[in-house]
Amino acid sequence: MAGAITHDRASAAEGRQGGPLIVTEDADLLDDLLRLCAAAGARPEVHHGVPERGGWETAPLVLVGDDAAPRVRGAARRRGVVLVGRDQDDSGVWRRAVEIGADHVLLLPDGEQWLVDRIADVAEGVGPPALTVGVIGGRGGAGSSTLACALAVTSARQGRRTLLVDADPLGGGLDVLLGGEGAEGLRWPDFAGSRGRVGGGALEESLPELHALRVLSWDRGDCVTVPPEAVRAVLAAARRRGGAVVVDLPRRVDEGVAEALAQIDLGLLVVPAELRAVAAARRVASAVGMVLRDLRVAVRGPYAPGLDDREVARLLGLPLAGEVPVEAGLPATQERGDPPGGDGRGPLARFCSAFWQRAALAGGGV
């Protein structure tokens, strides 16, 4: 069980990395808190009362045992204080929490998973989540994988921490498209057993690094499915690292894809400007739109007679994200192993730069 108490005073330690401060003399409670810190990958500092040399103010998170509440009552008020107890029937715990300025009251064992997540967050120095963009083709061969790669490459070139996720096991592998199929690092099948919380830093370090970004793709084996729980855990870890996450999505929506869609802030539906593609894209949009709220259409020419980008968006009933330009020589560039949008000067790179510029001006949205 966990509950929140709202107050406004901010701590000088807010946003800093490190392990939590534990204040308790209850040996059994301390054992439990140390176990939960270990599960979150954090190394705590332990005291029986308020530390004399500034640890109270500088710790990113303070876990106060209910037994220690009287000893910390006079400490400076700060954010990030959790009062931890065990007695589910003790209503006095809320009064003691108010007296010490706690943000939360947490009762074990019910609140263990919440506390592990909270400890892991402060140990990783979690800030704003990554802007997560999904790219999906309105029909086969629409160019969604190329656009996803170009968006990720452009984001990394502009200095963002960027992760490119290949969510289409039948797409041939985005690492291949980026010329890095032999790069060392983990692929999706290595995460098939992931449950609960995956460390964001550990995930980032384990993946292949290509063109200044990290790539989670598929290997060349027979595995073409990852359990939905693993998809949820991996993408949540990627988002906690901040920056940008670009997800190349398949056109079908199964349980794993639904988990990915649930964590995407903005979807781009890539639609060639032809009537059959618009008809196919309408079905894709209907399925994806059941999970993803913000879906926009990116139209790719050349245009069939009577169609332009605004007409395609109107026919699909979706907001227009823009026109994805045709770039002459792109297949030859990719054959050489150069990534889409890699030179930063072509029309595709300019489209992607404008997209991220709008995202920055909108404070994370576009």
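Residues numbered from 1 in each chain as written. Predicted model: local features only at pLDDT ≥ 70, side-chain atom pairs only at ≥ 80, totals over all residues. Heavy atoms only, no water.

Caption draft 1: Focus on the environment of Leu-107. Within the secondary structure layout, Leu-107 lies in strand 6 (residues 104-107). For Leu-107, a relative accessible area of 4% translates into the label buried. Spatially, the C-alpha atoms of Leu-107 and Gly-138 are 49 Å apart, while their sequence positions differ by 31 residues. (Helix = DSSP H or I, 4+ residues; strand = E, 2+ residues; numbered from the N terminus. Buried < 20%, exposed > 50% of the residue type's maximum accessible area, 1.4 Å probe, protein only.)

Caption draft 2: Looking closely at the pattern of salt bridges. Using the criterion set out here, one finds 21 salt bridges in the structure. Between Arg-214 and Glu-209 there is a salt bridge, with its nearest N and O atoms 3.7 Å apart. Where Asp-294 meets Arg-296, a salt bridge forms, and the shortest distance between an N and an O atom there is 2.9 Å. Overall, the relative accessible area of 25% leaves Asp-294 in the partly exposed class. Look at Arg-296 and you get buried, because its relative accessible area is 18%. (Salt bridge = Lys/Arg side-chain N within 4 Å of Asp/Glu carboxyl O.)

Caption draft 3: Broad picture of the confidence of the model for the protein. Per-residue confidence for the protein averages 89 on the pLDDT scale, and 93% of its residues sit at or above 70. Confidence drops under pLDDT 50 across residues 3-16; counting only partners more than four residues distant or on other chains, this segment forms 33 contacts. (pLDDT = per-residue confidence, 0-100. Contact = heavy atoms within 4.5 Å.)

Caption draft 4: Fine view of the sheet that holds strand 11 (residues 244-249). Across the sheet, eight strands lie side by side as 9-10-8-11-7-12-13-14; this open sheet has mixed pairing. Since the sheet does not close on itself, it has two edges, and those belong to strand 9 (209-210) and strand 14 (320-324), each with one partner. Pairing of strand 8 (residues 162-166) with strand 11 involves five bridges; the strand directions are parallel. Looking at strand 11, one finds that Val-165 is bridged to Val-247. Seen against the sheet, helix 8 (residues 228-240) touches strand 7 (131-137), strand 8, strand 10 (213-216) and strand 11 and runs at an angle of roughly 150° to strand 11. The sheet strands contacting helix 13 (residues 347-361) are strand 7, strand 11, strand 12 (266-272) and strand 14, and the helix crosses strand 14 at an angle near 160°. (Pairing = 2+ DSSP bridges. Axes fitted to C-alpha atoms, helices over the stretch in contact; angles between N-to-C directions.)

Caption draft 5: Inspection of the nonpolar core at higher detail. Within the largest apolar cluster, 45 residues are counted, with the highest numbers of intra-cluster contacts made by Trp-188, Leu-249, Leu-269, Val-271, Val-312 and Leu-316. Of all the secondary structure elements, the ones that give two or more residues to this core are strand 8, helix 8, strand 11, helix 9 (255-262), strand 12, helix 10 (275-288), strand 13 (295-300) and helix 11 (309-316). In terms of residue count, helix 8 provides more of this core than any other element does, seven residues in total. Aside from chain neighbours lying at most four places away, what touches Val-312 is Val-271, Ala-273, Val-278, Val-297, Val-299 and Leu-307. Core analysis: the second largest hydrophobic core is formed by 34 residues, Cys-149, Leu-151, Leu-266 and Val-324 among them. (Core = buried A, V, L, I, M, F, W, Y, C linked by side-chain atoms within 4.5 Å.)

Caption draft 6: Up close: empty space enclosed by the protein. One pass over the structure, following the stated rule, counts one cavity of 30 Å³ or more. When its volume is computed, the largest cavity comes out at roughly 80 Å³. Lining the largest cavity, in full, are Arg-161, Thr-162, Leu-163, Gly-200, Leu-203, Glu-204, Arg-214, Ala-238, Arg-241, Gly-242 and Ala-244. Mapped onto the lining of the largest cavity, the elements with two or more residues apiece are strand 8 and helix 7 (200-206). Element by element, the count of residues in the lining of the largest cavity is highest for helix 7, at three residues. When grouped by side-chain class, the residues that make up the lining of the largest cavity number four nonpolar, three polar and four charged. (1 Å grid on protein atoms, 1.4 Å probe; cavity = no way out; pocket = protein on both sides within 12 Å on 5 of 7 lines; lining within 4 Å. Points joined across faces, edges and corners; volume = space filled by probe spheres on them. Nonpolar A, V, L, I, M, F, W, Y, C, P; charged D, E, K, R; others polar.)

Caption draft 7: Representation of the pairing of strand 12 within the structure. Most of strand 12 is tucked away: seven of the seven residues are buried. The side-chain alternation of strand 12 yields two buried faces, one formed by Leu-266, Leu-268, Val-270 and Pro-272 and the other by Gly-267, Leu-269 and Val-271. The sheet contact formed by strand 7 and strand 12 spans five bridges and is parallel. Residue Val-135 lies in a different strand from strand 12, and its bridge partner there is Leu-268.

Caption draft 8: Layout of unusual backbone geometry. The step from Leu-108 to Pro-109 runs through a cis peptide bond, and the omega angle for that step is 5°. Structurally, Pro-109 can be placed in the loop between strand 6 and helix 4 (112-124). Residue Pro-302 is reached from Gly-301 by a cis peptide bond, and omega for that bond is 5°. Within the fold, Pro-302 resides in the loop between strand 13 and helix 11. Even without being glycine, His-211 reaches a positive phi, approximately 55°. Within the fold, His-211 resides in the loop between strand 9 and strand 10. The class of His-211 is partly exposed, set by a relative accessible area of 35%. Although it is not a glycine, Ala-212 sits at a positive phi angle of roughly 70°. Looking at the secondary structure, you find Ala-212 in the loop between strand 9 and strand 10. What makes Ala-212 exposed here is its relative accessible area of 52%.

Caption draft 9: Geometry of the packing of helix 10 against helix 11. Where helix 10 meets helix 11, the closest approach of the two axes is 10 Å, and the angle between their N-to-C directions is 40°. Comparing the axis directions of helix 10 and helix 11 gives the class oblique. Pair helix 10 / helix 11 crosses with right-handed handedness. Of the residues in helix 11, those in contact with Val-278, Ala-281 and Arg-282 of helix 10 are Val-312, Leu-315 and Leu-316. Its residues placed into classes, the contact of helix 10 with helix 11 shows five nonpolar, no polar and one charged. (Parallel < 35°, antiparallel > 145°, perpendicular 65-115°, else oblique. Left-handed = near helix turned anticlockwise from the far one by under 90°.)

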